[in-house]
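# Architecture and fold: a report
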Amino acid sequence: MKNILIVEDELPISRVLKAYLEKSQFQVEQAFTGDEAVRKFDAVSPALVLLDVMLPGRSGWSILEYIRKKSSCPVIMLTALGQIDNKLMGLHQGADDYITKPFIADEVVARVQAVLRRSTNIIEGNSLKQFGSLKVDFKAHTVSLHGIELAFTPKDLSLFLFLAQYRNQTFTREQLIEQVWGMDYEGSDRAVDLAIKRIRRSLENWPASEGEIRTYRGLGYKLCVYE
């Protein structure tokens, strides 16, 4: 069973989420403060984190930053803050999904299952591709540059592997959302732009003579590989 870490300081909410997730055959760990969340994350290496923003001690944003520095573990933000700026902040920092309180527990479980599905449902072709100094292993789900493995969030990795699988083809934001985020995604297509921005940052040392992610205004994005 996959282990889910719930980071939520409101005990009733945490208890309900725990009960519903366990009913769906997940193992569940709970943390009620920011500091406890960091300790639990390091101790149990969860498959996914449900992370509240407003916490005693370290904030959810701080914990998300901590997780992203060392892991590609999927993170779903839980918060009463419904403004679009907060959603964009979460997506920009590498959150995989964003759920605003109040929510239905069944929906949270469905979102957890969807994010876990997308984090492993990465399109595979020929197992290994080399684009100059960039090596893409579709079977191992890894990307290495100059022999060093790059750290991507699960969503960013899924997006990049999709573009690498269909290199030199242009895809609209809507097509990328359908293939990577899923048909049930209800957020803004701005998530694609933010993901591309993070991927480009990770690939900043990839020589432009070997390849690049190009933006085609009004059309979408393409991974151009100069083989």
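Heads up: these notes are all about the structure in this document. In this text, all values refer to a predicted model and were calculated from it rather than measured experimentally.

Scanning the chain from N- to C-terminus turns up 8 helices and 12 strands. The buried share among the 227 residues of the chain stands at 48%. Accessible surface, the chain: about 11200 Å² in total, of which carbon and sulfur atoms supply 49%.

Here the focus is the packing of helix H6 (residues 154-165) against helix H7 (residues 173-181). Between H6 and H7, the shortest axis-to-axis distance is 10 Å and the interhelical angle comes to 120°. Helix-helix and strand crossings are classified by hand; for H6 and H7 the assignment is right-handed. Where H6 approaches H7, its residues Lys155, Ser158, Leu159, Phe162 and Leu163 are matched on the opposing element by Leu176, Gln179, Val180 and Trp181. Of the residues contributing to the contact of H6 with H7, the split by class is 6 nonpolar, 2 polar and 1 charged.

For strand S1 (residues 3-7) and strand S2 (residues 27-31), the ladder comprises 5 bridges, and the chain directions are parallel. Bridging across to S2, Ile6 finds its partner in Gln30.

The next subject is the side chain of Arg68. Looking at the element boundaries, Arg68 is found in helix H3 (residues 60-70). A distance of 3.0 Å separates a polar atom in the side chain of Arg68 from a polar atom in the side chain of Asp96.

A separate point is the sheet that holds strand S11 (residues 211-216). Here 3 strands make up an open sheet; going across it, the order is S10-S12-S11 and the pairing antiparallel. In the strand order of this sheet, the two ends are held by strand S10 (170-171) and S11, each with one partner. As paired strands, S11 and strand S12 (residues 220-225) are joined by 6 bridges and run antiparallel to one another. Bridge assignment links Gly211 to a residue of S12, and that residue is Val225.

At a minimum axis separation of 10 Å, helix H2 (residues 34-44) and H3 run at an interaxial angle of 20°. In terms of their interaxial angle, H2 and H3 are classed as roughly parallel. Note on packing geometry: the crossing formed by H2 with H3 is right-handed. Between H2, through Gly34, Ala37, Val38, Phe41 and Asp42, and H3, the contact on the second element is made entirely by Ile63, Tyr66, Ile67 and Lys70. Looking at the contact of H2 with H3 residue by residue, the class counts come to 6 nonpolar, 1 polar and 2 charged.

Tracing the backbone through its elements, the reader meets Ser45 in the loop between H2 and strand S3 (48-52). Take Ser45: its relative accessible area is 56%, and that puts it in the exposed class. A sequence separation of 28 residues divides Ser45 from Cys73, and the C-alpha atoms of the two residues are 8.4 Å apart.

Burial of nonpolar side chains together is a common tendency in soluble globular proteins. Membership of the largest hydrophobic core comes to 31 residues, with the highest contact counts inside it found for Leu134, Val136, Val143, Leu159 and Phe160. Among the elements of the structure, strand S7 (134-137), strand S8 (142-145), H6, H7, helix H8 (190-202) and S12 are those that each provide at least two residues to this core. Aside from chain neighbours lying at most four places away, what touches Val143 is Leu134, Lys135, Val136, Ile148, Glu149, Leu150, Phe152, Leu157, Phe160 and Leu161. Val7, Ala37, Ile63 and Tyr98 belong to the second largest nonpolar core, which has 19 residues in total.

Bringing the environment of Leu203 into the picture now. Turning to its location among the elements, Leu203 is positioned in the loop between H8 and S11. Accessibility expressed as a relative area gives 8% for Leu203, which makes it buried. Each C-alpha atom of the pair Leu203 and Ser144 lies 9.8 Å from the other, and the pair is 59 residues apart in sequence. Other than its neighbours up to four places away in sequence, Leu203 contacts Leu134, Leu150, Phe160 and Ile213.

Scanning the model with the defined rule gives 4 aromatic pairs in all. On the basis of an interplanar angle of 50° and a centroid distance of 5.2 Å, the ring pair of Phe162 and Tyr166 is categorised as tilted. Owing to a relative accessible area of 32%, Tyr166 belongs among the partly exposed residues under this scheme. Members of the aromatic cluster, connected to one another through ring pairs, are Phe162, Tyr166 and Phe171.

Reading the values: rules and limits
- Residues numbered from 1 in each chain as written.
- Predicted model: local features only at pLDDT ≥ 70, side-chain atom pairs only at ≥ 80, totals over all residues.
- Heavy atoms only, no water.
- Helix = DSSP H or I, 4+ residues; strand = E, 2+ residues; numbered from the N terminus.
- Buried < 20%, exposed > 50% of the residue type's maximum accessible area, 1.4 Å probe, protein only.
- Areas by Shrake-Rupley, 256 points an atom, 1.4 Å probe, with all protein chains shown as cover.
- Axes fitted to C-alpha atoms, helices over the stretch in contact; angles between N-to-C directions.
- Left-handed = near helix turned anticlockwise from the far one by under 90°.
- Contact = heavy atoms within 4.5 Å.
- Nonpolar A, V, L, I, M, F, W, Y, C, P; charged D, E, K, R; others polar.
- Pairing = 2+ DSSP bridges.
- Polar contact = N/O pair within 3.5 Å; in protein donor to acceptor, adjacent residues only side chain to side chain.
- Parallel < 35°, antiparallel > 145°, perpendicular 65-115°, else oblique.
- Core = buried A, V, L, I, M, F, W, Y, C linked by side-chain atoms within 4.5 Å.
- Phe/Tyr/Trp six-rings, centres within 6.5 Å; stacked < 30°, edge-to-face > 60°.

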